[in-house]
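Chain by chain, the residues run as shown.
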Amino acid sequence: MAEVRTAHTADLDAATLAAVRALLDNVFDDMTDHDFEHALGGVHALVWEGAELAGHASVIQRRLLNRGRALRTGYVEAVAVRAGRRGRGYGTAMMDTIERVVRGAYDLGALGATGEGAAFYAARGWQLWRGPSAALTPAGVRRTEDDDGCLYVLPVAVPLDLSSELTCDWRDGDLW
Ligand SMILES: CC(C)(COP(=O)(O)OP(=O)(O)OC[C@H]1O[C@@H](n2cnc3c(N)ncnc32)[C@H](O)[C@@H]1OP(=O)(O)O)[C@@H](O)C(=O)NCCC(=O)NCCS
């Protein structure tokens, strides 16, 4: 059984944050500073193998707009298990922790899945958002059609029409 440690970003020291960034750089070949920043400001789930960080996931708060509601959303970021450490249940253990936070604190969970991650989330009950996606930009609501078909939600406290439009709040870098 993997031991998952949870901590708010505020309680991670500089060395731990550096280890998280190094893990994400190792797992994702297109990791950017914005991607890393998107993973901060919420609750982290960390799996350590001794002094080596083997897995990371985090959940941060965003507002997603849907059918006139501004939904308090636990947005999942930076889910990664080091290659060579996969298939040991680390991803499952981290997502168990992250989903407990989502269910306890938010109207829904949401995430943008990589091609590789999509089946992992679907197997855990995350549902593909089938409707059009958009973002609330400084210039108004703009479609984010490149992200259609990659967004998954975990319904918690509000009924969701998965074929309706889903709009995310603004941020630098990738919007979803
Ligand atoms: C997705 C990822 C986090 C899973 O981590 P993991 O530690 O290997 O997951 P687990 O060992 O807990 O496996 C859980 C289950 O999911 C399955 N699974 C793992 N990765 C999967 C994938 N990419 N697609 C489908 N199923 C997957 C496992 O077979 C296992 O199934 P089982 O319970 O029936 O045996 C890991 O593969 C990873 O880091 N991938 C690269 C980064 C990435 O794509 N992250 C997602 C970003 S959205």
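Model, not experiment: these values are computed from the prediction.

## Overview of the overall build of the protein
Thinking step 1. Secondary structure summary: the protein contains four helices and 10 strands in total.
Thinking step 2. Taking 16 Å as the expected radius of gyration for a compact globule of 176 residues, we find that the protein reaches 16 Å, a close match to that expectation.
Thinking step 3. Along the three orthogonal principal directions, the C-alpha set of the protein runs to about 45 × 30 × 30 Å.
Thinking step 4. Taking all 176 residues of the protein together, 47% fall into the buried category.
Thinking step 5. In the protein, the proportion of contacts linking residues at least 24 apart, taken out of those at least 6 apart, comes to 69%.

## What about the environment of Arg5?
Thinking step 1. Here Arg5 is to be found in strand S1 (residues 4-8).
Thinking step 2. Sequence-wise, Arg5 and Thr97 are 92 residues apart; in three dimensions their C-alpha atoms are separated by 9.0 Å.
Thinking step 3. Setting aside residues no more than four positions away along its own chain, Arg5 makes contact with His44, Ala45, Leu46 and Trp48.

## Description of the site of the ligand
Thinking step 1. Surrounding the ligand, one finds 19 residues, the nearest of these being Val81, Gly89, Gly91, Thr92 and Glu116.
Thinking step 2. Measuring from an oxygen atom of the ligand, one finds a backbone N or O atom of Gly89 at 2.8 Å.
Thinking step 3. The fraction of the free accessible surface of the ligand (900 Å²) that becomes covered by protein chains is 67%.
Thinking step 4. Placement of the ligand is best described as lying within the largest pocket.
Thinking step 5. Elements supplying a minimum of two residues to the shell around the ligand: strand S4 (69-81), helix H3 (90-105) and helix H4 (115-123).
Thinking step 6. If you tally residues by element for the shell around the ligand, the top one is H4, at four residues.
Thinking step 7. Across the shell around the ligand, the residue classes tally to 10 nonpolar, six polar and three charged.

## A few points about the side chain of Ser58
Thinking step 1. Considering the arrangement of structural elements, one finds Ser58 in strand S3 (residues 52-66).
Thinking step 2. Judged by its relative accessible area of 0%, Ser58 falls in the buried class.
Thinking step 3. Ignoring sequence-local partners within four residues, the contact set of Ser58 consists of Ala39, Val43, His44, Tyr75, Val76, Glu77 and Ile98.

## Points about the layout of surface pockets
Thinking step 1. Reported here for the largest pocket is a volume of approximately 1100 Å³.
Thinking step 2. Considering the residues around the largest pocket, the lining is formed by 41 residues, among which Phe28, Val79, Gly112, Ala113 and Thr114 are closest to the centre.
Thinking step 3. Elements supplying a minimum of two residues to the lining of the largest pocket: helix H2 (33-38), S4, H3, strand S5 (108-112) and H4.
Thinking step 4. Partitioning the lining of the largest pocket into residue classes produces 17 nonpolar, 12 polar and 12 charged.

## Considerations on the side chain of Glu99
Thinking step 1. Within the secondary structure, Glu99 sits in helix H3.
Thinking step 2. At a separation of 2.9 Å, a polar atom in the side chain of Glu99 contacts the side chain of Trp126.
Thinking step 3. Those residues within four positions of Glu99 in sequence are excluded, and the remaining contacts are Arg124, Trp126 and Leu154.

## Some thoughts on the nonpolar core
Thinking step 1. Judged by nonpolar contacts, the single largest core of 24 residues is most densely connected at Val76, Ile98 and Trp126.
Thinking step 2. Of all elements in the fold, only strand S2 (43-49), S3, S4, H3, H4 and strand S9 (151-155) reach the threshold of two or more residues within this core.
Thinking step 3. With seven residues, H3 is the largest single contributor of residues to this core.
Thinking step 4. Apart from residues no more than four positions distant in its own chain, Trp126 is found in contact with Val76, Met95, Glu99, Gly109, Ala110, Leu111, Tyr121, Tyr152, Val153 and Leu154.
Thinking step 5. By size, the runner-up hydrophobic cluster in this structure holds 17 residues, among which are Leu64, Leu108, Leu151 and Cys168.

Parameters at a glance
- Residues numbered from 1 in each chain as written.
- Predicted model: local features only at pLDDT ≥ 70, side-chain atom pairs only at ≥ 80, totals over all residues.
- Heavy atoms only, no water.
- Helix = DSSP H or I, 4+ residues; strand = E, 2+ residues; numbered from the N terminus.
- Rg over C-alpha atoms; globule rule 2.2 N^0.38 Å.
- Buried < 20%, exposed > 50% of the residue type's maximum accessible area, 1.4 Å probe, protein only.
- Contact = heavy atoms within 4.5 Å.
- Near = heavy atom within 4 Å.
- Polar contact = N/O pair within 3.5 Å; in protein donor to acceptor, adjacent residues only side chain to side chain.
- Areas by Shrake-Rupley, 256 points an atom, 1.4 Å probe, with all protein chains shown as cover.
- 1 Å grid on protein atoms, 1.4 Å probe; cavity = no way out; pocket = protein on both sides within 12 Å on 5 of 7 lines; lining within 4 Å.
- Sits in = over half its atoms within 2 Å of the grid points.
- Nonpolar A, V, L, I, M, F, W, Y, C, P; charged D, E, K, R; others polar.
- Points joined across faces, edges and corners; volume = space filled by probe spheres on them.
- Core = buried A, V, L, I, M, F, W, Y, C linked by side-chain atoms within 4.5 Å.

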